[in-house]
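Chain by chain, the residues run as shown.
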Amino acid sequence: MDKLEKFEMMEKILREFEDLKNSQTSVLKKISKIEADNINLGVKLLEEKLPDIFFAVDNNLTLVTELEEQFQEYRDKFFKENNLAALQEERSKE
């Protein structure tokens, strides 16, 4: 795998991180919706367990976001160190 292919794979991974964050955010919204619906029901089991699930998903979202940011820095450094701007320009001329 050449350097441009590696960079393209890094770009793909960053898109997947974004998708993962969106999925985690969607799960948090669903949990909040269930909590809101349970206000009318008053089911103790849900009142006790949903905050634990919400916290765990929120913590995972934080971890994913931090890893994405660190990986983006890694990708940016890789791009600069390997002078990929010049390689991309060469490829576009072909």
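Structure: see above.
The structure presented is a predicted model; accordingly, all values stated were derived computationally and were not measured. (Residues numbered from 1 in each chain as written. Predicted model: local features only at pLDDT ≥ 70, side-chain atom pairs only at ≥ 80, totals over all residues. Heavy atoms only, no water.)

A. Focus on helix H2 (residues 44-81). Taking 1.5 Å as the rise per residue, H2 with 38 residues should run 56 Å; its terminal C-alpha atoms sit 56 Å apart, in good agreement. Taken together, the buried positions of H2 are occupied by Leu50, Val57, Leu61, Val64, Glu68, Phe71, Arg75 and Phe78. Where H2 is buried, its residues touch helix H1 (3-41) and helix H3 (84-93). Directly after H2, the chain includes asparagine 83, whose backbone phi takes a positive value near 50 degrees. (Helix = DSSP H or I, 4+ residues; strand = E, 2+ residues; numbered from the N terminus. Expected span 1.5 Å × (residues − 1). Buried < 20%, exposed > 50% of the residue type's maximum accessible area, 1.4 Å probe, protein only. Contact = heavy atoms within 4.5 Å.)

B. Here's a closer look at the pattern of salt bridges. Scanning the entire structure with this criterion turns up seven salt bridges. A salt bridge links lysine 12 to glutamate 16, with the nearest nitrogen and oxygen atoms 3.4 Å apart. You can see lysine 12 and its partner glutamate 16 sitting in helix H1, four residues apart, about one turn around the helix. When its relative accessible area of 39% is taken as the criterion, lysine 12 is described as partly exposed. We note a salt bridge from lysine 21 to glutamate 18, for which the minimum N-O separation is 3.5 Å. Placement of the pair is lysine 21 and glutamate 18 together in helix H1, with a separation of three residues, close to one helical turn. Under the relative-accessibility criterion, lysine 21 is labelled buried at 17%. The exposure class of glutamate 18 is partly exposed, given its relative accessible area of 35%. Several salt bridges converge on common partners, so that one network encompasses Glu11, Arg75 and Asp76. (Salt bridge = Lys/Arg side-chain N within 4 Å of Asp/Glu carboxyl O.)

C. Region of interest: the packing of aromatic side chains. In the structure shown here, the tally under the stated rule is three aromatic pairs. Here phenylalanine 17 and phenylalanine 71 contribute two aromatic rings whose centre-to-centre distance is 6.2 Å and whose plane-to-plane angle is 55 degrees, an arrangement assigned as tilted. Residue phenylalanine 17 is located in helix H1, and its partner phenylalanine 71 is located in helix H2; the two are separated by 54 residues in the primary sequence. Comparing phenylalanine 17 with phenylalanine 71, the two get one shared label, buried. Their ring planes at 20 degrees and their centres at 6.1 Å tell us that phenylalanine 71 and tyrosine 74 sit as a pair that is stacked. One end of the pair is phenylalanine 71 and the other is tyrosine 74, both in helix H2 and three residues apart, which spans about a single turn. (Phe/Tyr/Trp six-rings, centres within 6.5 Å; stacked < 30°, edge-to-face > 60°.)

D. Inspection of unusual backbone geometry at higher detail. A positive phi is found at asparagine 83, a non-glycine position, where the angle reads about 50 degrees. With respect to the helices and strands, asparagine 83 occurs in the loop between H2 and H3. Classification of asparagine 83 as partly exposed rests on a relative accessible area of 48%.

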